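Tertiary structure, described
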Amino acid sequence: LRSLSSIVIGLIALVLGPISNADPIIPITAPSPSLNTVQQPTLTPIAPSINASAYLLMDAYSGSILASNNIDERVAPASLTKMMTSYVISMALKEVRIHPNDLVTISEAAWKTGGSKMFVKVGDKVAVRDLMQCIIVDSGNDACVAMAEYVAGSQESFVNLMNQAAIQLGMR
């Protein structure tokens, strides 16, 4: 689950969009005085300005909410399919069924995939690590199809793997 947490945290950071206008100044606030103990000042960072209509940044270990905005607003999932694709690929890497340096041959189906792309050509050989980076950073649909075919043999079989993973994670 730690690898899933790392992936999810990394993907959430990508989904949130660029952080802009972050103020590097960290104010020091003193807590209210206590009668019996001397407390040290608390360092409280200023939440960054984030270009997103709603977001939540949570410490994965403590569950503490570090920053948020409109967390109760209903919004469409951002690239949830790519998050599940990355998760299933990460499990294949963890189980040593594939390796980061494996070369994946780009199929015509991957090349023809619309939307955001890595712009690979039919027959190109691309390392798993590079395809993963494209999926996570560039939201590359062509990289998703290439990896689905590599991991499961077909897009349809990969969808079955994602559905099985979703059930194991308690998703409905």
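These remarks concern the structure in this document. Not measured: the values here are computed from a predicted model.

1. Points about the pairing of strand β5 (residues 55–58)
For β5 and strand β6 (residues 65–69), the ladder comprises four bridges, and the chain directions are antiparallel. Pairing of Leu56 across the sheet is with Ser68, part of β6.

2. What to know about the environment of Thr105
Mapped onto the elements, Thr105 comes out in strand β7 (residues 103–105). C-alpha of Thr105 to C-alpha of Val122: the two residues are 17 residues apart in sequence and 7.7 Å apart in space. Not counting the four nearest positions on each side in its chain, Thr105 is found in contact with Gly123, Asp124 and Lys125. Within the local environment of Thr105, its side chain forms a polar contact with the side chain of Lys125, the two groups lying 3.0 Å apart.

3. Considerations on a nonpolar patch on the surface
Judged by side-chain polarity, Leu56, Met58, Ile65 and Ile71 come together as a nonpolar surface patch covering roughly 330 Å² of accessible area. In this structure, Leu56 sits in strand β5. Note on Leu56: relative accessible area 33%, which makes it partly exposed.

4. Some thoughts on the packing of helix α5 (residues 141–152) against helix α6 (residues 155–168)
Two numbers describe how α5 lies on α6: the axes approach to 8 Å, and their chain directions differ by 80°. Regarding the angle of α5 to α6, the classification is roughly perpendicular. Taken together, the residues of α6 that come into contact with α5 (itself represented by Val145, Ala148, Glu149, Val151 and Ala152) are Gln155, Ser157, Phe158 and Leu161. Each residue belonging to the contact of α5 with α6 can be placed in one class, and the counts come to six nonpolar, two polar and one charged.

5. Quick look at the nonpolar core
Counting residues in hydrophobic clusters, the biggest one holds 28 residues, and the most contacted among them are Ile89, Ile98, Ile106, Leu131, Met147, Val151 and Phe158. Of all the secondary-structure elements, those providing two or more residues to this core are α2 (80–94), α4 (128–138), α5 and α6. Residue contributions to this core peak at seven residues, all from α5. With sequence-adjacent residues up to four places away left out, Val151 is seen in contact with Ile89, Ala92, Arg97, Ile98, Phe158 and Leu161.

6. Here's the deal with unusual backbone geometry
You will see that Asn70, though not glycine, has its phi angle at about 50°, which is positive. Its location among the elements puts Asn70 in the loop between β6 and α2. For Asn70, a relative accessible area of 40% gives the class partly exposed. Here Phe119, not a glycine, exhibits a phi torsion of approximately 65°, which is positive. By the element assignment, Phe119 lies in the loop between α3 (108–112) and β8 (125–127).

7. A look at the pattern of salt bridges
On inspection of all chains with the given rule, the structure shows two salt bridges. For Glu95, the salt bridge identified is with Arg97, shortest N-O distance 2.9 Å. The class of Glu95 is partly exposed, set by a relative accessible area of 49%. Note that Lys112 is salt-bridged to Glu108, the shortest N-O span being 3.0 Å. Of this pair, Lys112 and Glu108 are both found in helix α3, four residues apart, which corresponds to roughly one turn of the helix. Lys112 gets classed as exposed once you look at its relative accessible area, which sits at 56%.

Conventions we followed
Along each chain, numbering runs from 1 in the same order as the chain's sequence is written. Per-residue local features are limited, in this predicted model, to residues with pLDDT of at least 70; the limit for side-chain atom pairs, both in listing and counting, is 80 or more; totals at the level of whole chains, interfaces and linings are taken over all residues. Based on all heavy atoms of the structure, the side-chain values leave hydrogens and waters out of the count. At least two bridges found by DSSP between two strands are what make those strands a pair. Think of it this way: any DSSP run of H or I at least four residues long counts as a helix, any run of E at least two long counts as a strand, and we number them from the N terminus. In this analysis, two residues are considered to be in contact whenever any of their non-hydrogen atoms come within 4.5 Å of each other. We define a polar contact as two N or O atoms separated by no more than 3.5 Å, with the added condition that, inside protein, one atom must be a possible hydrogen donor and the other a possible acceptor, whereas residues neighbouring each other in sequence contribute only through side-chain atom pairs. Put simply, a patch holds well-exposed residues, over 30% relative accessible area, that have no salt bridge, with like charges counted together within 9 Å and Val, Leu, Ile, Met, Phe, Trp or Tyr side chains within 5 Å. Surface exposure here means Shrake-Rupley accessible area, sampled with a 1.4 Å probe, where a residue is shielded only by the protein chains that are shown. Counted as salt bridges are all cases of a side-chain nitrogen of Lys or Arg within 4 Å of a carboxyl oxygen of Asp or Glu. Burial classes: relative accessible area under 20% of the type maximum marks a residue as buried, over 50% as exposed, and values in between as partly exposed (1.4 Å probe, protein chains only). Comment: axis = line fitted to C-alpha atoms, over the contacting stretch for helices; angle = value between 0 and 180 degrees taken between N-to-C directions. Oblique is the label for any angle not covered by the other classes, which are roughly parallel (under 35 degrees), roughly antiparallel (over 145) and roughly perpendicular (65 to 115). Under the scheme applied, nonpolar residues are Ala, Val, Leu, Ile, Met, Phe, Trp, Tyr, Cys and Pro; charged residues are Asp, Glu, Lys and Arg; polar residues are all the others, including Gly. For this analysis, a nonpolar core means a set of buried residues of the types Ala, Val, Leu, Ile, Met, Phe, Trp, Tyr and Cys, connected via side-chain atoms within 4.5 Å.

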